[in-house]
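Listed here are the chains, written in short residue letters.
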Amino acid sequence: QSKILVINFWATWCPPCLKEIPEFMALQEQYGDKGLQFIGIAIDDQEPVEEFLATTKINYPILIGGVTGIALAHQLGNRVDAVPFTLVVNQQGQIIHRQPGEFSREQIMEIIAPLIN
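Residues numbered from 1 in each chain as written. Predicted model: local features only at pLDDT ≥ 70, side-chain atom pairs only at ≥ 80, totals over all residues. Heavy atoms only, no water.

Trainee: Got a minute to help me understand the side chain of Q28 in this structure?
Mentor: Mapped onto the secondary structure, Q28 falls in helix α1 (residues 15-31). Setting aside chain neighbours within four positions, we find Q28 in contact with L36, Q37, F38, N59 and Y60. (Helix = DSSP H or I, 4+ residues; strand = E, 2+ residues; numbered from the N terminus. Contact = heavy atoms within 4.5 Å.)

Structure (structure tokens):
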């Protein structure tokens, strides 16, 4: 079964990014078995990310993208190089939402609720 992906570009030095993570973890916990999958891509160096992950147990995969992560976000439509930057990909693999800046639980639910069976 295909998943709904929420791909979040973030960095340890970005306060709004860190503010979103607990919310994302709660949604992952709540809807993971309904096919929702968060993926974090840190546009950051390995060391600060590892330090952060040592103190914050995140329940979804975190990839360390570094500078390549910034380029990837740009390719995926982050024209203004916003951090955080989040994409929602539907079960058909299409990007259905791009969110430069903070992404509230309400906004996420509006987009994913129709997709969750």
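Trainee: I would appreciate a short explanation of the state of the cysteines in the present structure.
Mentor: A disulfide bridge is the covalent bond that connects two cysteines by way of their sulfur atoms. By the definition in use, this model includes 1 disulfide. C14 shares a disulfide with C17; S-S distance 2.2 Å. Its torsion about the S-S bond being 80°, the disulfide of C14 and C17 is classed as right-handed. For the pair C14 and C17, one class covers both residues: buried. (Disulfide = S-S within 2.5 Å. Buried < 20%, exposed > 50% of the residue type's maximum accessible area, 1.4 Å probe, protein only.)

Trainee: Please clarify how the pairing of strand β1 (residues 4-10) should be interpreted in this entry.
Mentor: Within a regular beta strand, the side chains point alternately toward one face of the sheet and then the other, so they alternate between its two faces. Counting buried positions along β1 yields 6 of 7 residues, so the element is predominantly enclosed. Bridge count for β1 against strand β2 (residues 36-42) is 7 bridges, and the pairing is parallel. Counted as the bridge partner of V6 is F38 from β2. In the classification by handedness, the crossover that spans β1, the intervening α1 and the parallel β2 is right-handed. As judged from the 5 bridges shared by β1 and strand β4 (residues 85-89), these two strands associate in the antiparallel manner. When the bridges of β4 are listed, L5 appears paired with V89. (Pairing = 2+ DSSP bridges. Right-handed = clockwise from strand over helix to strand, strands pointing away.)

Trainee: Just checking my understanding: could you explain the environment of G65 for this structure?
Mentor: Turning to its location among the elements, G65 is positioned in the loop between β3 (62-64) and α3 (66-75). When near neighbours in sequence (up to four residues on either side) are disregarded, G65 contacts I41 and A42.

Trainee: Is there a simple way to think about the nonpolar core in this case?
Mentor: The tendency in soluble globular proteins is for nonpolar side chains to be buried as a group. The biggest cluster of nonpolar side chains holds 36 residues, and the ones touching the most others in it are F9, W10, L36, Y60 and I112. Going through the elements one at a time, β1, α1, β2, α2 (46-55), β4 and α4 (105-112) are the ones with two or more residues in this core. Top element by residues in this core is α1. It accounts for 6 residues. Look past the residues within four positions of Y60 in its chain and what remains in contact with it is I21, F24, M25, Q28, Q37, F38, I39 and G40. (Core = buried A, V, L, I, M, F, W, Y, C linked by side-chain atoms within 4.5 Å.)

Trainee: Got a minute to help me understand α4 in this structure?
Mentor: Owing to its 3.6 residues per turn, the α-helix aligns residues three or four sequence positions apart on the same side. Among the residues of α4, those classed as buried are I108, M109, I111 and I112. Taken down its axis, α4 places every buried residue within 165° of arc, on the same side. For α4, the exposed residues lying more than 90 degrees away from the buried face are E106 and E110. Turning to α4, the residues buried within the fold contact β1, α1, β2, β4 and β5 (95-100). (Arc of directions from axis to C-beta.)

Trainee: Looking at this structure, how should I read the environment of P22?
Mentor: Along the chain, P22 turns up in helix α1. Residue classification places P22 among the partly exposed positions, given a relative accessible area of 49%. Distance from P22 to L115, taken between C-alpha atoms, is 22 Å for residues 93 residues apart in sequence.

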